[in-house]
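A structural walkthrough
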Number of protein chains: 2
Amino acid sequence: MSEKLTLLDLLLANPQKFLSGEEISRRLSVSRTAVWKQINKLREAGYEFEAVPNKGYRIVNQPERIDPSALKKTLKTKTFGLKLDVLETSVSTQEEARELAEAGAPEGTLVVAEEQTGGKGRMGRKWFSPKGKGIWMSLVLKPAQPLHYMPQLTLLTGVAVCRAVRRVTGVMAGLKWPNDLLVDGRKICGILLESAAEDEYVRYCIAGIGISANLDAEDYPDELKPVATSLKIEAGEAIDRVQLIAAVMEEFEALYDLYRQEGFAPIALLWEALSVTLGKQVTVYTAAGPVTGHAKKLDHSGALTIVTEDGRELPVFSGDVELRR
Amino acid sequence: MSEKLTLLDLLLANPQKFLSGEEISRRLSVSRTAVWKQINKLREAGYEFEAVPNKGYRIVNQPERIDPSALKKTLKTKTFGLKLDVLETSVSTQEEARELAEAGAPEGTLVVAEEQTGGKGRMGRKWFSPKGKGIWMSLVLKPAQPLHYMPQLTLLTGVAVCRAVRRVTGVMAGLKWPNDLLVDGRKICGILLESAAEDEYVRYCIAGIGISANLDAEDYPDELKPVATSLKIEAGEAIDRVQLIAAVMEEFEALYDLYRQEGFAPIALLWEALSVTLGKQVTVYTAAGPVTGHAKKLDHSGALTIVTEDGRELPVFSGDVELRR
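Residues numbered from 1 in each chain as written. Chains lettered and ligands numbered in written order. Predicted model: local features only at pLDDT ≥ 70, side-chain atom pairs only at ≥ 80, totals over all residues. Heavy atoms only, no water.

1. Some details on the UniProt feature "DNA-binding region" (unreviewed entry) in chain A
Under the present numbering, the feature "DNA-binding region" (unreviewed entry) in UniProt falls on residues 21-40 of chain A. Counted over residues 21-40 of chain A, helix gives 85% and strand 0%. Its end C-alpha atoms are 13 Å apart. (UniProt positions renumbered as here; feature names shortened; annotations may be inferred. Helix = DSSP H or I, 4+ residues; strand = E, 2+ residues; numbered from the N terminus.)

And the structure:
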């Protein structure tokens, strides 16, 4: 932000009072036309003004923003989120975080964007990330563990986000294997862990978390309406995104520490407790073909154990789960 | 290559004959000074000329090059190596292959460089890749399998290179876990598999293979002399790099097909047969600390099973192995 007094500063400093175009023009040393142009620009950015002839302008609504300094003050973590970039717009926070990680950014570096123009989901799918409505963020992790254990970290991330959502919003989201968050069968959050490895050594991992926080039903494109929902829709009120981001960082860091000290067993128990997949008949579409059966448990490595009709127990590491009946 | 007749074309077309500077100058329509400058440039690139006053120049030695068309003709594969880039120089063939993979290059795309100026080894180490002396190459793989199985692919790559080296050169190299090639305890080849994954889905993997083919003892910097050797040193004669690259591609493709059809069991047997690690007392330096014991076998996932002094069997997924005694 420039040091110069802006139109926005002036209006925000006088929230109740009308300021005439003439007064604004004088105090900012700009023309009346320039004032009018700036007002329009702010309107486009989501600000709302009341404009009354012979009285002037006053600000009546400003877009909710994720304020980096408010977020930093809210965070009760040791490292997660403390190195923070909040971007007005980004093609993909995954890509931003990846570049930071390649440049040596430390574990816990967080990139948040108000909107993503090319948000990424799994398997090259797009992730709908409209402006100011959601939490679109990516966290740099440097797990000192072999690549072999990555499925466990994927499950851990789901647990962290699920716990934070329940705590801050009261919405009782559940985990669909491996790490989607659902409410009544509709997706409320997607998680994507991208990792870069050399042989078995994980150079870094980027945990991408997309939470549909404050989207209204009409914000969704038609094809998403039957399968997606938002925390605002479910909770009946807007979510404080700063509080939720801070809670995700806290839960994530605490579970990550627990995992490093105690291994996967406590994480598996938490995941199982929050799961909407276990105990159900499912079909998992894997690279090797579909596997149908009873979703029994997580095994020690993080694979989903499917009991097939003929009683065999198959571990499944990767795939899309479809709940049956 | 330009269509214009070059000095090199002219000299190569007349291998025995001396061509005077005047004649060359006339036939290429360039000045005598330009001829002299070009001769010096080619000398820097490894060509050797005999220059006799009043007779002129003739070519007596040219640097051995990896000829892409000769390589393509030699390859007996379905896909591996058929999409081929042979570069005079590259910072890192891993990086070139990674960019090609990100841009959608198919499985089997191969990048070979005569030299690497920033060749990469494991853990950010440098890989010594002098010009014209080795095989510095990277292959794009798109294994349709979960990330979970990557250790198996690392071991498979070692087996493929080891088999090709033994077949083409007769040098009885052995595999140090997970995939270094050694001759009498000295490193002759390094392998590095870099993978990019989304959750458990492997987007692509770049298999980097560096074979010290035709290095002479004096080519090595002092710090590498005690720990490295080359195929030329061990075999007592220069290696035909085109034959060896083609053999690596063939072995790699055949084992990759076998692995997809039969799983890891036959690969594990081959790896064990070629290993210089099994049956030895070893210390493995892992991220979680050193593990010392008897290297017993590969387990079904590709982990090295270490039997510790108190009789426990520990699976090790990642680390540097040190042979003891």
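2. Some thoughts on the domain arrangement of chain A
Residue and element names in this part refer to chain A. Domain assignment breaks chain A into domain 1 (7-61), domain 2 (68-274) and domain 3 (281-323). The straight-line distance from the C-alpha centre of domain 2 to that of domain 3 is 24 Å. The partner domain 3 presents 14 residues to the 12 residues of domain 2 that form the contact. Interface area, domain 2 with domain 3, both sides summed: about 1,000 Å², of which 61% is carbon and sulfur. Here domain 2 and domain 3 share four residue pairs in polar contact (both at pLDDT 80 or more) between them. Elements represented by at least two residues in the side of domain 2 that touches domain 3 include exactly α6 (150-169) and α9 (265-274). For the side of domain 2 that touches domain 3, the class distribution of residues is seven nonpolar, one polar and four charged. (Domains from an automatic or database assignment. Contact = heavy atoms within 4.5 Å. Buried area = accessible area lost by both parts, 1.4 Å probe. Polar contact = N/O pair within 3.5 Å; in protein donor to acceptor, adjacent residues only side chain to side chain. Nonpolar A, V, L, I, M, F, W, Y, C, P; charged D, E, K, R; others polar.)

3. A short note on the pairing of strand β2 (residues 56-61) of chain B
Taken residue by residue, a regular strand's side chains alternate between the two faces of the sheet. Where strand β1 (residues 48-52) of chain B lies against β2 of chain B, five bridges are found, and the strand directions are antiparallel. Bridge assignment links Phe49 of chain B to a residue of β2 of chain B, and that residue is Ile59 of chain B. (Pairing = 2+ DSSP bridges.)

4. Some details on the interface of chain A and chain B
In this complex, chain A contributes 30 residues to the contact, which on the side of chain B involves 30 residues. Here chain A is connected to chain B by zero salt bridges. For the pair chain A and chain B, the number of links is four residue pairs in polar contact (both at pLDDT 80 or more). The biggest single contributor to the side of chain A that touches chain B is strand β8 (residues 186-198) of chain A, with eight residues. Partitioned by chemical class, the residues of the side of chain A that touches chain B number 15 nonpolar, eight polar and seven charged. (Salt bridge = Lys/Arg side-chain N within 4 Å of Asp/Glu carboxyl O.)

5. A word on the relation of the copies chain A and chain B
In screw terms, the move from chain A to chain B is a rotation of 180° and a rise of 0.1 Å along the axis, fitting with an RMSD of 0.3 Å. The transformation relating the two chain copies, once decomposed into turn and shift, fits a two-fold axis. Interface overlap between copies: 100% of the residues of chain A at the interface are likewise at the interface in chain B, consistent with a symmetric, same-surface contact. (Least-squares fit on C-alpha atoms with pLDDT ≥ 70 in both.)

6. Thoughts on the packing of aromatic side chains
When we look at a pair of aromatic rings, we describe it by the centre distance and by the angle of the planes. Across all of its chains, the model carries eight aromatic pairs over all chains by this definition. For the ring pair Phe80 of chain A and Tyr256 of chain A, a centre distance of 5.5 Å and an interplane angle of 55° mean the geometry is tilted. Within this pair, whereas Phe80 of chain A is found in the loop between α4 (68-74) and β3 (84-87), its partner Tyr256 of chain A is found in helix α8 (residues 241-262), the two being separated by 176 residues in sequence. Here Tyr256 of chain A falls in the buried class, since its relative accessible area comes to 2%. Consider the rings of Phe128 of chain B and Tyr220 of chain B, whose centres lie 6.1 Å apart with planes at 45°: the pair is tilted. With Phe128 of chain B in the loop between β4 (110-113) and β5 (135-141) and Tyr220 of chain B in the loop between β9 (201-211) and α7 (231-235), this pair connects stretches of sequence that are 92 residues apart. Here the aromatic residues Phe80, Phe252 and Tyr256 of chain A are joined through ring pairs into a cluster of three or more. (Phe/Tyr/Trp six-rings, centres within 6.5 Å; stacked < 30°, edge-to-face > 60°. Buried < 20%, exposed > 50% of the residue type's maximum accessible area, 1.4 Å probe, protein only.)

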